[in-house]
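Coordinate inspection notes
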Amino acid sequence: MHAGTVDAGPGRKNQGSSMSARILKALKKPKARRCAELTLGPVFLVAVWWIAFAGELVNKDLLPSPFATIADTAVAIAAGDMIHDFLQTLIRVAYSIAIATVLGVPIGIALGAKDSVYRSLEFVIDFFRSTPATAMFPLFLLLFGLGDIAKIAVAAFAAWLVIVFNVAYGVMNARQTRILAARSMGASSLRIFKDVIFFETLPQTFVGLRTAVSIALVVIIVAEMFIGAVDGMGHRIIDAQISYQLTDMYGSILAAGAMGYGLNLGLLIVEKTIVHWSGR
Amino acid sequence: MTSSVARVSADGIARVGEDLPHPERRETEPPMPKTSARQRMISIQGLKKSFGDTVIYDNFDIELPQEELISIFGPNGCGKSTLINMISGLMPMDAGEVLYDGQTIKETKISYVFQNYREALFPWLRAIDNIHYPLKVMGLPRRTREERVEQLLADFEIKIDLNAYPYTLSGGQQQTVSILRALVTEPEVLFLDEPFSALDYEMTLFMREQIQKIYLKTGTTTLLVSHDLEEAVQLADKVLLLTRRPTRVAEIVDVGLPWPRTTQVTTDSRFVDIKRHCLEVFWREVKAS
């Protein structure tokens with residue numbers, strides 16, 4: 001659960017997203033093959049699960065049938081209560097990412113613009129980036145109370161650090177030739193920032209953004225489990241565990257996973273559309 | 001910029017300037033009397049540059065004629081690129097003064113084409129918007145920009161899909177876009193830093209023709225850094241040969257062959273003689289240390 005230790009270093013673009021990247025790639029293939037490729041993995045997972053369940057390889061009190069799980073999850077979704085929890089978590093993640101981005105991108109650009117400024121703050125940023133965000137819960141509870149604000153604040157803080165770090169690196173690693181080219185045309189510093197450095201930073205910003213979303217999701221789920229939540233996927237999972245609703249617990253875990261995966265894939269698609277030149 | 005004037009060079013070949021009117025050209029010219037009798041000069045005085053303990057230039061002086069194509073050739077590490085980076089204002093010099101016919105770098109309209117077009121073009125802009133960009137920086141209204149770009153494309157019969165993003169174009173096309181981007185501002189001095197070194201041979205030959213076409217049409221003062229002696233001779237009125245560092249002028253070789261210089265010219269005996277002479281100077285300088 002050490003969200004803060006997830007490495008978001010530059011040059012690790014493909015980590016954690018290689019699967020989604022492959023799916024994107026697969027989307028361009030002919031339909032039949034694409035469907036086969038996409039379904040193979042999940043089918044395999046369900047098959048292994050079912051074999052473990054039916055062959056009683058795992059204690060039956062710990063592992064429900066995959067089909068019962070899927071059926072119960074479908075009922076929970078249809079009834080709307082899982083959708084409510086799902087949306088609550090999604091909204092909290094969205095808030096924390098919005099806050100982290102609005103505060104993180106400008107600060108990252110400002111820090112990256114002056115090499116010496118970033119170097120002098122590097123230790124502090126690295127320190128907090130390496131601190132498990134969950135270790136800060138008590139502090140944020142003191143500051144913001146038990147409500148949603150504390151949860152969003154911790155997640156936003158953890159996500160903010162990752163965004164600042166990545167944006168600053170993006171600015172520092174901007175191609176000098178492009179900056180020189182703009183300068184040779186007589187562009188002012190402000191114009192170079194707006195027209196060149198901002199765009200140069202975008203690929204790294206998206207790397208930061210995707211990592212930030214994963215971290216925010218982890219933090220929000222954990223916060224929902226343990227600090228006075230009445231809804232959200234984290235709350236739902238721990239509730240199902242305590243009341244021994246095995247199918248609900250497994251189903252909720254899968255739903256939370258789907259959320260993380262969906263967010264990552266969504267961002268990747270946005271990234272490919274906006275940063276179309278990345279890696280080319 | 002004497003592009004609107006037909007002129008006759010020392011070798012007696014008439015260089016016909018462009019015949020198409022450029023209403024805005026006159027306004028953008030420096031307020032300076034036209035002197036056809038006197039050759040305008042680039043003057044570099046007391047240039048100094050060191051990187052750490054390595055002295056590249058120490059009191060380097062040179063005068064070069066404007067409205068000519070001058071190529072710069074010299075041993076590795078002698079600071080060919082450093083020289084044009086400094087006199088184009090891209091890189092600060094430690095000391096010295098550069099004047100373009102009495103005007104400072106800031107007062108002179110300069111364009112620069114980089115060796116690495118991949119890193120010099122803006123991949124987030126379409127090729128056409130890359131060409132527009134310097135005019136946008138100059139603050140020209142859209143209408144004027146479009147007119148200028150259209151004129152430029154018509155002048156050089158460009159057959160590239162300019163609505164494409166640069167990374168989808170071939171290397172030669174990308175460098176052509178870079179060159180167009182440099183030309184669109186109608187610069188007084190054009191700098192080319194090994195512009196073809198990242199291209200394959202076939203494309204290089206084609207681009208050499210393009211550069212000649214541009215030069216013959218616009219007559220823009222052009223400084224070309226090259227690591228290829230054949231190219232340096234073929235594409236120049238004068239070849240500036242540099243020594244090892246601390247860099248001095250080894251010789252300024254007058255090429256004086258008629259333009260345009262086709263690939264056949266490069267096998268002509270006069271061409272070969274000039275090239276051999278340059279090579280001798282080059283070897284002498286390489287072995288000097």
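In the block above lies the structure referred to throughout.
Reading guide: rules and limits
- Residues numbered from 1 in each chain as written.
- Chains lettered and ligands numbered in written order.
- Predicted model: local features only at pLDDT ≥ 70, side-chain atom pairs only at ≥ 80, totals over all residues.
- Heavy atoms only, no water.
- Helix = DSSP H or I, 4+ residues; strand = E, 2+ residues; numbered from the N terminus.
- Buried < 20%, exposed > 50% of the residue type's maximum accessible area, 1.4 Å probe, protein only.
- Contact = heavy atoms within 4.5 Å.
- Areas by Shrake-Rupley, 256 points an atom, 1.4 Å probe, with all protein chains shown as cover.
- Buried area = accessible area lost by both parts, 1.4 Å probe.
- Salt bridge = Lys/Arg side-chain N within 4 Å of Asp/Glu carboxyl O.
- Polar contact = N/O pair within 3.5 Å; in protein donor to acceptor, adjacent residues only side chain to side chain.
- 1 Å grid on protein atoms, 1.4 Å probe; cavity = no way out; pocket = protein on both sides within 12 Å on 5 of 7 lines; lining within 4 Å.
- Points joined across faces, edges and corners; volume = space filled by probe spheres on them.
- Nonpolar A, V, L, I, M, F, W, Y, C, P; charged D, E, K, R; others polar.
- Pairing = 2+ DSSP bridges.
- Axes fitted to C-alpha atoms, helices over the stretch in contact; angles between N-to-C directions.

Within chain B one finds nine helices and 11 strands. Counting across all 289 residues of chain B, residues that qualify as buried make up 56%. Looking at chain B alone, contacts between residues at least 24 apart form 70% of all its contacts between residues at least 6 apart. As presented, chain B carries roughly 12900 Å² of accessible surface, and 51% of it is formed by carbon and sulfur atoms.

With that out of the way, let us pick up the interface of chain A and chain B. Residue-level contacts link 18 residues of chain A with 19 residues of chain B. Both sides together, the interface formed by chain A and chain B hides about 1900 Å², and carbon and sulfur atoms give 67% of it. At the boundary of chain A and chain B, one finds one salt bridge. For the pair chain A and chain B, the interface holds seven residue pairs in polar contact (both at pLDDT 80 or more). Of all the elements in the fold, those that place two or more residues in the side of chain A that touches chain B are α8 (176–184) and α9 (189–226) of chain A. The element that contributes the greatest number of residues to the side of chain A that touches chain B is α8 of chain A, accounting for six residues.

This paragraph deals with empty space enclosed by the protein. In this structure the tally under the stated criterion is nine cavities of 30 Å³ or more. For the second largest cavity, the calculated volume is near 70 Å³. Taken together, R178 and R280 of chain A together with Y117, R118, L121, F122, P123, P166, Y167 and Q174 of chain B form the lining of the second largest cavity. A class-by-class count of the residues in the lining of the second largest cavity yields six nonpolar, one polar and three charged.

Looking now at the sheet that holds strand β6 (residues 95–100) of chain B. All names here are of chain B. Reading across from one edge, β4-β3-β6 is the order of the three strands in this open sheet, with antiparallel pairing throughout. Each edge of the sheet is formed by a strand with only one pairing partner; in this case those strands are β4 (54–65) and β6. The mean angle between the axes of side-by-side strands here comes to 15°, regardless of whether they run parallel or antiparallel. By the bridge criterion, eight bridges tie strand β3 (residues 41–51) to β4 in an arrangement that is antiparallel.

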